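Coordinates in review
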Amino acid sequence: LSLFLPALKMIRCLQRVLYLSVLVAFAACNAPPVPSDDIFIEKTFVPEQCVRAVKVGDYVRYHYNGMFPDGKKFDSSYDRGSTYNVFVGKKQLIEGMDKALVGMCVNERRLVKIPPQLAYGKQGYGDIIPPDSILHFDVLLLDVWNPEDSVQINTYHTPATCSRKVEVSDFVRYHYNGTLLDGTLFDSSHTRMRTYDTYVGIGWLIAGMDQGLLGMCVEERRIITMPPSLGYGENGDGSDIPGQASLVFDVVLLDLHNPRDGITVTNQIVPESCTRKTVAGDFVRYHYNGSLLDGTFFDSSYSRNHTYDTYVGRGYVIAGMDEGLIGVCVGERRTITIPPHLAYGEEGTGTKIPGSAVLVFDIHIIDFHNPSDTTEVTVTYKPEECDKKTKKGDFVKYHYNASLLDDTSIDSTYNYGKTYNIVLGVNQVVPGMEDGLMDMCVGERRHVVIPPHLGYGERGVTDEVPGSAVLVFDIELVEMEEGLPEGYMFIWNEDVSPDLFSEMDKDNNEQVEPSEFTDYILRQVNEGKGRLAPGFDPYRIIDNMFSNQDRNGDGKITEEEFKLKADEASAHDEL
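Residues numbered from 1 in each chain as written. Predicted model: local features only at pLDDT ≥ 70, side-chain atom pairs only at ≥ 80, totals over all residues. Heavy atoms only, no water.

Judged by nonpolar contacts, the single largest core of 26 residues is most densely connected at V60, Y62, M97, L101, I114, F137 and V139. Residues in contact with V139, not counting those within four places in the same chain, are Y62, H63, Y64, M97, L101, M104, E108, R109, R110 and V112. (Core = buried A, V, L, I, M, F, W, Y, C linked by side-chain atoms within 4.5 Å. Buried < 20%, exposed > 50% of the residue type's maximum accessible area, 1.4 Å probe, protein only. Contact = heavy atoms within 4.5 Å.)

As a further point, take the state of the cysteines. Inspection of every chain in the model, using the stated rule, returns four disulfides. Disulfide pairing places C162 opposite C217 at an S-S distance of 2.0 Å. A torsion of -90° about the S-S bond marks the disulfide between C162 and C217 as left-handed. Here C162, found in the loop between β7 (152-157) and β8 (171-180), pairs with C217, found in the loop between α5 (207-212) and β11 (221-226); they are 55 residues apart in sequence, far enough to count as distant. Under the relative-accessibility criterion, C162 is labelled partly exposed at 32%. Between C386 and C441 runs a disulfide, and the two sulfur atoms are separated by 1.3 Å. Placement of the pair is C386 in the loop between β19 (376-381) and β20 (395-404) and C441 in the loop between α8 (431-437) and β23 (445-450), with a sequence separation of 55 residues. According to the relative accessible area criterion, C386 is buried, its value standing at 17%. For C441, a relative accessible area of 1% puts it in the buried group. Cysteine pairing for the protein chain (bonded cysteines numbered in sequence order): 1-2, 3-4, 5-6, 7-8. (Disulfide = S-S within 2.5 Å. Helix = DSSP H or I, 4+ residues; strand = E, 2+ residues; numbered from the N terminus.)

So, about helix α10 (residues 514-526). The end-to-end C-alpha separation of α10 is 18 Å, in line with the 18 Å expected for 13 residues at 1.5 Å each. Along its buried surface, α10 packs onto β25 (490-492), α9 (500-504), β26 (511-512), β27 (530-532), α11 (538-549) and β28 (557-558). Of the residues flanking the end of α10, it is G528, one or two places downstream, whose phi is positive at about 80°. (Expected span 1.5 Å × (residues − 1).)

With that settled, consider the pattern of salt bridges. In this structure the tally under the stated criterion is 27 salt bridges. In this structure, E108 engages R110 in a salt bridge whose closest nitrogen and oxygen atoms are separated by 2.6 Å. With respect to class, E108 is no different from R110; both count as buried. In this structure, R285 engages D367 in a salt bridge whose closest nitrogen and oxygen atoms are separated by 2.8 Å. Of the two residues, R285 sits in strand β14 (residues 283-292) while D367 sits in strand β18 (residues 359-369), which places them 82 residues apart along the sequence. Under the relative-accessibility criterion, R285 is labelled buried at 3%. What you see here is one network of salt bridges that share partners, running through R52, D58 and D149. (Salt bridge = Lys/Arg side-chain N within 4 Å of Asp/Glu carboxyl O.)

Let us look at the domain arrangement of the protein chain. Structurally, the protein chain comprises domain 1 (40-145), domain 2 (152-257), domain 3 (264-369), domain 4 (376-481) and domain 5 (490-562). Taking the mean C-alpha position of each, domain 1 and domain 5 sit 126 Å from one another. (Domains from an automatic or database assignment.)

Within strand β17 (residues 333-338), five of the six residues are buried, which leaves it mostly tucked inside the rest of the structure. Both strand β13 (residues 264-269) and β17 contribute to a ladder of four bridges, which runs antiparallel. Paired with V265 across the two strands is I336, which belongs to β17. Of the strand pairs in this sheet, β17 and β18 are connected by six bridges, and their pairing is antiparallel. Bridge pairing links T335 to D362 in β18. (Pairing = 2+ DSSP bridges.)

Rendered as structure tokens:
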């Protein structure tokens, strides 16, 4: 027993020590923390991107909840429905908060623990914060800027070509999304489905946007960030934009012009041969693609498979197109850019063309003429001997290749392996071809250009010749037969028999039947004693001759009815 007593005393002593250690540890866990000399910061949310971190001298807007260590809230900007706005590092805040905000990014969230000596110290703050209070702040940074800030521009898309950039006094059309620095959307032209249209640099916009749009190209995309001094300032806009808010605009420029602009002609492709250019009063047929300045398509003549046909210089089309179609050649291609005051103005068309839109037309001239034009005849080959020339009434045979003015082929007699045969002067072809075939020798070749009013007119020929089309014929006269004098369908090559009626009246019944008349005339022609007008059906001519002699229309000719043409007081197609 004497051996074990000292050991028992030692064990009991150790038990007392362990018990006291546990009590001390428990007391330490439940006792108030001892204030440190500095703030404690826990970053509870860090955004993926941090374009800018708070520095001393910056102005910030942030939300916060203020709490004691036990979680009891003593203040909140959320409860007031307004951010806390203040300069950092200028002693406008408790020292701990001044330090806690430095280095924060927009949308970053921090839990800040501030010891009393960096908060309200031994005095506390009235009835709200007791002396020697440790303060916890849950802070969310929404905005940061500096009085020395200017407009910041970040171009994230540049078009491949940029022929012109925005300058002061230009009129622009653009789309935008407007957000606060924390990404809160306050406005968007996209949601209204209408561009914002305005002059630049003359005070129609907030100063930051006036600056941010300068130098932009059509189709360029920019992020324009501006401090409140260049936005809506201390008061905001009274609704969606708070006071002292930085603004961010994501802008795409769609259109640009200046009220002093005229039309612009570019991308000209002029054919090598251009003997004539359009003037005011000409009638033009052309194809076009129409688009807005940003490339948005609004119309095309190709989609309708029909040219646009109009007079130029007479106000039949918008003023810019009227001007742009002057001085062009057939086959020429050009791009005409037209400012809105020479197009559809501030109103647009109400559907495809918005108000104040610049228009771009890619045009191809197919055809043009003037109402005063006549048939243009150019001799391309003439035989050495050319004594006998075509005239009205002659029967002619010719070959041709027909095309439109843009070389589109229409027809060719060579494809059929036979000539085209007509009588001149009796409207068997269009007037322009009549002109082209007159005074021509056999073997002669001509290039004939026929304006539509001497061709197929405004209607054209369905599926063959467009309306109001100029026609081009390359013709070769192959054969001709001289016609009869005007007003005659039959003439005698010899003296007329004094017994003409008796010779016709084969059965001597003192009247000539149609068959007797026909047989007699054909016999005279076959024997070379008479000649019928060439190019016509001989039987139809003879029937007509018989009808003219059959005065009473009873189907037979008596001697009293029978007269020679020379004996007629009025002109008839008779003997």
